[in-house]
Amino acid sequence: MFHLRCSVPDCATTLDLHDRALACPKCGDLLEVVVPRPQHDPADLKRLWLNRRTSYETRDTSGVWRFRELLPDVYGPTGVVTLSEGNTPLVPAQNTRFFGGVLDLSFKHLGWNPTGSFKDLGMTAGITEAKFVGAKAVACASTGNTAASLAAYAARAGVIGRVYLPAGQASANKLAQALDYGAETIQIEGNFDDALNTLLDSKDPNLYFLNSINPFRIEGQKTAMVEMLEQLNWQIPDYLVVPGGNLGNSSAFGKAFMEMKSFGLIDRTPRIVIVQAAGANPLAHMWETGATELTAVAQPETVATAIRIGNPRSWKKSLQGVHFTNGFVLDVTDEEIGEAKNCIGRDGIGCEPASATTLAGIRKLTRAGKIERDAKVVAILTGHVLKDTDYIIKHRSNNK
Ligand code: F0G
């Protein structure tokens, strides 16, 4: 049976799937959805998922719900709130390969989702659950992308969307999206961490919380890895490189690999490599120093505003995936992010600054001999090139 469980193995307190709790009642840590082993044989499951690509049933047109055997799929065909998210391509790198220093590089471009970021993958699952439990209003704190996504899916579900943004720090494009989709926007003096604290402190019983501490969001985001492996014909890459902010996405990817391995869908995993911005690098710092607890960065600062986060909530979950896959964590400077973003643009792909941490990280690792030149590498691009046009105009106004 699907249910909720505390993500700390030593605690493992269990709750009903629809409990609405965001934290373990016993130890206060984050919850996760426990997914039972699917009934199907792995080969049948892979065939079933692939065949659904030719179906126009609502859930099959979604690159999230197409993989519903791995999701809490209790909503039926009409219960899901979907914008046909997912179904994003794996784009082969051309010039970027040389920049990164690896021969076999591709980008899973999650910025090519309905609202232009990977958040849609989690939001379809989160809002579907919110609607199922009868929520009338949903809310998140955000550096911009979660806000845009929540706003769109709340509109589709016919519920009130409320977003808390760090005043003056989210890109104008993301704020514009949230407004256009009709969300109530609340600007908080301070950074993302302050905005999230304000929201969590509000303890409004009528609000359904949709930050990535919501375990249903993680379930949706998890499917990006299933889709990626399907696109690779289940040939496992050596490295999977992902930006790290609040660390929900890397947690989701770790969970995906743990489940796929335990269900016999894969027999090995890529190594998860998390890349943070140097000015907002609490996990990279923890990794480098060998510390066992995370120390928050009080004043996070980076041009990659999406990941300007000093106190990531999902760090423990995220490290579980890094350890499980024998991966690692590093950081890159704003200058390195800028160079990498420029290169991704010149490859005809484009992305927002936070996404370019991946290519910058790959370059740093190949130069240090930590990723081999002949390794098979997939980098996750998390946001669309049009997500932060101010950055582009500011840094590229002298394009020749
Ligand atoms: N890339 C982009 C474009 C993002 O918007 C975010 C997070 C991340 C990477 C990091 O993902 O937090 O799961 O580690 N954006 C959140 C937001 C915080 O509010 O939109 P993470």
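Details of the structure are given in the entry above.
Definitions and limits used
Residues numbered from 1 in each chain as written. Predicted model: local features only at pLDDT ≥ 70, side-chain atom pairs only at ≥ 80, totals over all residues. Heavy atoms only, no water. Near = heavy atom within 4 Å. Polar contact = N/O pair within 3.5 Å; in protein donor to acceptor, adjacent residues only side chain to side chain. 1 Å grid on protein atoms, 1.4 Å probe; cavity = no way out; pocket = protein on both sides within 12 Å on 5 of 7 lines; lining within 4 Å. Sits in = over half its atoms within 2 Å of the grid points. Helix = DSSP H or I, 4+ residues; strand = E, 2+ residues; numbered from the N terminus. Nonpolar A, V, L, I, M, F, W, Y, C, P; charged D, E, K, R; others polar. Phe/Tyr/Trp six-rings, centres within 6.5 Å; stacked < 30°, edge-to-face > 60°. Buried < 20%, exposed > 50% of the residue type's maximum accessible area, 1.4 Å probe, protein only. Core = buried A, V, L, I, M, F, W, Y, C linked by side-chain atoms within 4.5 Å. Contact = heavy atoms within 4.5 Å. Points joined across faces, edges and corners; volume = space filled by probe spheres on them.

## Notes on the site of the ligand
Phase 1 of the analysis: Around the ligand sit 19 residues, and of these Ser142, Gly245, Asn246, Leu247 and Thr382 come closest.
Phase 2 of the analysis: Between the ligand and Lys119, the relevant distance is 2.9 Å, taken from a nitrogen atom to a side-chain nitrogen or oxygen of the residue.
Phase 3 of the analysis: Within the contact set of the ligand, a nitrogen atom lies 2.7 Å away from a side-chain nitrogen or oxygen of Thr382.
Phase 4 of the analysis: Cavity membership is defined here by more than half of the atoms lying within 2 Å of grid points; on that basis the ligand lies in the largest cavity.
Phase 5 of the analysis: Sorting the residues of the shell around the ligand by element identifies helix 5 (145-157) and helix 9 (248-262) as the ones contributing at least two each.
Phase 6 of the analysis: Grouping the constituent residues of the shell around the ligand by class yields six nonpolar, eleven polar and two charged.

## Quick look at the packing of aromatic side chains
Any two aromatic rings considered together are summarised by their centre-to-centre distance and by the angle between their planes.
Phase 1 of the analysis: For the structure on display, the rule yields five aromatic pairs.
Phase 2 of the analysis: A ring pair is formed by Trp49 and Phe67, whose centres lie 5.2 Å apart and whose planes are at 75 degrees; its orientation type is edge-to-face. Of the two residues, Trp49 sits in helix 1 (residues 42-51) while Phe67 sits in the loop between helix 1 and helix 2 (76-79), which places them 18 residues apart along the sequence.
Phase 3 of the analysis: Exposure remark for Trp49: the relative accessible area of 0% places this residue in the buried category.
Phase 4 of the analysis: An angle of 25 degrees between the planes, with centres 6.5 Å apart, marks the rings of Trp49 and Trp234 as stacked.

## A closer look at the nonpolar core
Side chains that are nonpolar tend, in soluble globular proteins, to be buried together.
Phase 1 of the analysis: Ranked by internal contacts, the top residues of the largest apolar core, which has 79 residues, are Met225, Phe253, Phe257 and Met260.
Phase 2 of the analysis: What Met225 contacts, discounting residues up to four positions off in sequence, is Leu240, Phe253, Ala256, Phe257, Met260 and Ile380.
Phase 3 of the analysis: Core analysis: the next-biggest nonpolar cluster, separate from the first, contains 34 residues, Ala93, Val102, Ala340 and Ile362 among them.

## Quick notes on empty space enclosed by the protein
Phase 1 of the analysis: Evaluated as defined, the whole model comprises one cavity of 30 Å³ or more.
Phase 2 of the analysis: Taken as a whole, the largest cavity encloses approximately 320 Å³ of empty space.
Phase 3 of the analysis: Along its surface, the largest cavity is lined by 26 residues, and Phe118, Lys119, Gly245, Asn246 and Ala306 are the ones closest to its centre.
Phase 4 of the analysis: For the lining of the largest cavity, the elements supplying multiple residues, two or more each, are helix 5, helix 8 (215-231) and helix 9.
Phase 5 of the analysis: Of the residues that constitute the lining of the largest cavity, the class distribution is nine nonpolar, 14 polar and three charged.

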